[in-house]
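Each chain is listed here by its residues.
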Amino acid sequence: MINLQAKALTIAQMKEAEARSNELGVSYAQLMENAGSACTAKIKELFPKLSTSSVVILCGKGNNGGDGLVIARKLENSAADITCIFCCGEPGTELSQKVYQQAAAISSIQFLDAKKEPMLCHFCLNQADLIIDCIFGTGFHGEVQGSAQPMIGTANKADAVRIAVDIPSGMNGDDGSCSISVFRADHTLALGALKPAHLLEDTQSVCGKIHTLDIGMPSEALEDSSSVKLLKWENLPALLPKRDPNANKGDFGKLLILAGRSGMGGAAMMATLSALRCGCGLTTLAAASSVINACFPHLMEAVTLSLAETKDGAVSSESLTLLSEHLSSSTAAVIGCGLGHDEHTEKLVRSLVKETQTPLVIDADGINCLAGDINIVQTAKAPIILTPHPKEFSRICGKSVAEIEADREQAASQFAQQYSVHLVLKGHATVIALPDGTVYQNTTGNAGMAKGGSGDVLAGMIGSFLAQGIASEKAACLAVCLHGACGDRCAQRLSEYGILARDLIQEIPLLLRELEQNR
Ligand SMILES: NC(=O)C1=CN([C@@H]2O[C@H](COP(=O)(O)OP(=O)(O)OC[C@H]3O[C@@H](n4cnc5c(N)ncnc54)[C@H](OP(=O)(O)O)[C@@H]3O)[C@@H](O)[C@H]2O)[C@@H](O)CC1
Ligand SMILES: Nc1ncnc2c1ncn2[C@@H]1O[C@H](COP(=O)(O)OP(=O)(O)O)[C@@H](O)[C@H]1O
Ligand SMILES: [K+]
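As annotated in an unreviewed UniProt entry, the chain carries the name Bifunctional NAD(P)H-hydrate repair enzyme and is attributed to Massiliimalia timonensis. The UniProt entry for the chain carries the following text under Subunit (unreviewed entry): "Homotetramer."

Dropping the structure here:
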């Protein structure tokens, strides 16, 4: 697994991360102290008028309440007055009791109990300039009950800035479901990492603006979890191997690209040129004879293999033996870009996928040729990377495009695990899902790339890295993120409207140069 920071940690994973931090020497008490410090710094930044302001901190009896008590202590000299309201009785955990003792020693902090002095609590909330919500965090379940409920009600109506610590009280951190009574925040300070609820569209009006705060958890504690990992440009230098100075072309692999029916020569060319630009030793384009004739003058560095063509311009299944031979002497293959889909190509593709042991990237029509019975990928002998866009994915996974788009990571991961393939689900924030359940989400790329040809470029790039012996996971991550970065650079220069897929190919060597320098 490539070690990257997780996009979001579930509550269970967060608890694991806290336990690992503890094992690595950052104690629970230290984490709470750090959380209080990080929140205080962010609150000062978000609320510069603090020195003339009344601050109310709503505290629960768990550790979220403990965070509130640390914040009260740390804000002591910065605010005009500070009131802590215990909404569920006095602190109940060992940690929160300890920080309560420390806060209680400061005479300027007022402590109220919502059950015993409700009128005074409502009054303070109505007078407050800033309300900080520390009633419930990751330990919340069910519906808000008891005195917490009216406190949240008054806080939500008060003319104050509202800041929630970790999770707005009344919201479930995993699924974002909300109690009838939920604290409505202008800002939410996510401690250590985002929780899944922070990322949901439906919860944005409850969370307000979300800020993720570093609370000093060691990066190993956060990285080591199985949730979605963000793939960023900064991660790429480590994925690009150094080329051996003594190497020859045979050391950088042989890629076979089976692409291009008549009329789709552009796709074949695009995949071939991008493979060449990504450093493969020898790249062969196998395509319908009319495509080879048209492309040949533009592919000086590639080997071409002219295939028999049907009267409709498709690659004929007669080429099976020839292709099998070439495939067996290749170190990787890309199948599908502009290949077309008819009975000939289907027979050809299915036979190759069934027999070969050469690692495959299957794209576009290659995927369509398998859609009739996708179980073939499960029994295939070769490692397979599938690169569908959502519509192609819909044909092989049995879900509608809307269902896929509703949770792209989940849909991709389920498929990758079920069929034991690497799946690259393309589109905005391309998802890379591995058979072991690991999921990456790409952060590069833009809508300027939503044009015919961009996907062919990506297929060629993945194939090229794969042919050079880079493992499927790294080859897919490297190519996807680099491809998106090429799109971003091109958009800066040429606008999202004006970029062409061929511009992405020209950008590849420039960005590879930057990666080589940053390695
Ligand atoms: N662990 C660490 O190292 C660190 C943790 N940190 C902080 O701790 C937070 C998690 O703390 P936590 O686990 O104590 O849970 P928390 O959210 O405070 O609430 C639990 C309390 O609420 C109660 N309760 C729940 N639902 C209820 C309901 N519907 N109505 C009424 N009561 C209800 C529940 O009662 P019970 O379920 O036990 O009956 C229990 O008493 C986390 O979000 C972060 O802010 C940071 O400081 C960093 C270090
Ligand atoms: N809005 C977007 N943001 C980022 N990348 C995008 C966006 N739209 C498309 N792309 C990328 O462009 C490529 C388009 O591929 P695809 O849909 O297969 O097109 P084609 O096969 O016609 O080239 C994919 O790599 C995809 O991730
Ligand atoms: K909270």
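Continuing now.
A.B. asks: Would you explain the site of ligand 1 in this entry?
C.D. replies: Residues in contact with ligand 1 amount to 21 residues; listed here are only the nearest, Asp67, Gly137, His141, Glu143 and Asp166. Separating an oxygen atom of ligand 1 from a backbone N or O atom of Thr138 is a distance of 2.9 Å. Between ligand 1 and Asp166 there is a distance of 2.6 Å, counted from an oxygen atom to a side-chain nitrogen or oxygen. Burial of ligand 1 by the protein chains amounts to 78% of its free accessible area of 940 Å². Mapped by element, the contributors of at least two residues to the shell around ligand 1 are helix 1 (11-23), helix 2 (28-46) and helix 3 (63-75). Among the residues forming the shell around ligand 1, the class breakdown is seven nonpolar, eight polar and six charged.

A.B. asks: What exactly am I supposed to notice about the site of ligand 2 here?
C.D. replies: In the vicinity of ligand 2 there are 18 residues, among which Lys426, Gly427, Thr430, Gly453 and Gly455 approach most closely. In the model, an oxygen atom of ligand 2 is placed 3.2 Å from a nitrogen or oxygen of the Met449 main chain. Gly455 is positioned with one of its backbone polar atoms (N or O) 2.6 Å from an oxygen atom of ligand 2. Protein burial of ligand 2: of its 570 Å² of free accessible surface, 81% is covered by the chains. In terms of residue count, helix 18 (residues 454-467) provides more of the shell around ligand 2 than any other element does, four residues in total.

A.B. asks: Looking at this structure, I do not really get the pairing of strand 11 (residues 303-307). What am I missing?
C.D. replies: Within a regular beta strand, the side chains point alternately toward one face of the sheet and then the other, so they alternate between its two faces. Alignment of strand 10 (residues 282-288) against strand 11, held across five bridges, turns out to be parallel. Paired with Leu285 across the bridge in strand 11 is Thr304. The parallel pair strand 10 and strand 11 is bridged by helix 10 (residues 289-295), and the resulting crossover is right-handed.

A.B. asks: Looking at this model, I keep getting lost on the sheet that holds strand 3 (residues 109-113). Mind explaining?
C.D. replies: The strands making up a sheet associate through backbone hydrogen bonding, with each pair oriented either parallel or antiparallel. With parallel pairing, seven strands are arranged side by side in an open sheet as 3-2-1-4-5-6-7. If you trace the sheet from one side to the other, it starts and ends with strand 3 and strand 7 (209-213), each paired once. For this sheet, the mean angle separating the axes of adjacent strands, direction not counted, is 20°. Where strand 1 (residues 54-59) meets strand 2 (residues 81-86), six bridges bridge the pair, whose relative direction is parallel. Looking across to strand 2, one finds that Val55 is bridged to Ile82.

A.B. asks: Would you mind going over the packing of aromatic side chains with me for this structure?
C.D. replies: The description of an aromatic ring pair uses the distance of the two centres, along with the angle that the planes make with each other. Under the definition given, this model contains six aromatic pairs. Between Phe86 and Tyr100, the ring centres sit 5.0 Å apart and the planes meet at 80°, which makes this aromatic pair edge-to-face. Within this pair, whereas Phe86 is found in strand 2, its partner Tyr100 is found in helix 4 (residues 94-104), the two being separated by 14 residues in sequence. On the basis of relative accessible area, Phe86 is assigned to the buried category, the value being 3%. Ring centres 6.0 Å apart and planes at 10° place the aromatic pair Phe86 and Phe111 in the stacked group. Of this pair, Phe86 sits in strand 2 while Phe111 sits in strand 3, and the two are 25 residues apart along the sequence.

A.B. asks: I keep staring at the domain arrangement of the chain and nothing clicks. Help me out?
C.D. replies: When the parts come together, some accessible area is lost, and that loss is often what is quoted as the size of the interface. Looking at the assigned domains, one finds that the chain contains domain 1 (11-227) and domain 2 (233-238 + 249-518). Taking only C-alpha atoms, the centre of domain 1 and the centre of domain 2 are 47 Å apart.

A.B. asks: Can you help me understand the UniProt feature "binding site: K(+)" (unreviewed entry) in the chain in this one?
C.D. replies: With numbering aligned to this structure, UniProt lists the feature "binding site: K(+)" (unreviewed entry) at Asn64, Asp133 and Ser169. The largest pairwise C-alpha distance within this set of annotated residues, which runs over 106 residues, is 9.5 Å, so the set is compact in three dimensions. Assignment of secondary structure puts Asn64 in helix 3. Since its relative accessible area comes to 8%, Asn64 is described here as buried. Setting aside residues up to four positions removed in sequence, Asn64 forms contacts with Asp133, Cys134, Ile135, Phe136, Gly137, Val165 and Asp166. At a separation of 3.4 Å, a polar atom in the side chain of Asn64 contacts the main-chain amide nitrogen of Ile135. With respect to the secondary-structure elements, Asp133 resides in strand 4 (residues 130-134).

A.B. asks: Just checking my understanding: could you explain the coordination of the potassium ion (ligand 3) for this structure?
C.D. replies: Working reference: metal with six octahedral donors, ideal angles 90 or 180 degrees; metal with four tetrahedral donors, ideal angle 109.5 degrees. For the potassium ion (ligand 3), the full set of protein donor atoms is Asn64 (OD1), Asp133 (O), Asp133 (OD), Phe136 (O), Val165 (O) and Ile167 (O), at a range of 2.6 to 3.2 Å. Sequence positions of the donors to the potassium ion (ligand 3) reduce to the motif N-x68-D-x2-F-x28-V-x1-I. Like Asp133, the residue Phe136 is buried in the burial classification.

A.B. asks: What am I meant to see in the pattern of salt bridges here?
C.D. replies: Pairing between side chains of opposite charge can happen when their charged atoms approach one another. Counting across every chain of the model gives ten salt bridges. In this structure, the salt-bridge partner of Lys74 is Glu33, at a minimum N-O distance of 3.1 Å. One end of the pair, Lys74, is in helix 3; the other, Glu33, is in helix 2, with 41 residues separating them in the sequence. Its salt-bridge partner being Lys195, residue Asp166 comes within 2.9 Å of it at the nearest N-O pair. Here Asp166, found in the loop between strand 5 (161-165) and strand 6 (187-191), pairs with Lys195, found in the loop between strand 6 and helix 7 (204-207); they are 29 residues apart in sequence, far enough to count as distant. With relative accessibility at 8%, the residue Asp166 sits in the buried group. For Lys195, a relative accessible area of 1% gives the class buried. Members of the salt-bridge network, linked through shared partners, are Glu33, Arg73 and Lys74.

About the criteria used
- Residues numbered from 1 in each chain as written.
- Chains lettered and ligands numbered in written order.
- Predicted model: local features only at pLDDT ≥ 70, side-chain atom pairs only at ≥ 80, totals over all residues.
- Heavy atoms only, no water.
- UniProt positions renumbered as here; feature names shortened; annotations may be inferred.
- Near = heavy atom within 4 Å.
- Polar contact = N/O pair within 3.5 Å; in protein donor to acceptor, adjacent residues only side chain to side chain.
- Areas by Shrake-Rupley, 256 points an atom, 1.4 Å probe, with all protein chains shown as cover.
- Helix = DSSP H or I, 4+ residues; strand = E, 2+ residues; numbered from the N terminus.
- Nonpolar A, V, L, I, M, F, W, Y, C, P; charged D, E, K, R; others polar.
- Pairing = 2+ DSSP bridges.
- Right-handed = clockwise from strand over helix to strand, strands pointing away.
- Axes fitted to C-alpha atoms, helices over the stretch in contact; angles between N-to-C directions.
- Phe/Tyr/Trp six-rings, centres within 6.5 Å; stacked < 30°, edge-to-face > 60°.
- Buried < 20%, exposed > 50% of the residue type's maximum accessible area, 1.4 Å probe, protein only.
- Domains from an automatic or database assignment.
- Contact = heavy atoms within 4.5 Å.
- Donors = N, O, S within 2.8 Å, 3.2 Å for Na, K, Ca; no water.
- Salt bridge = Lys/Arg side-chain N within 4 Å of Asp/Glu carboxyl O.

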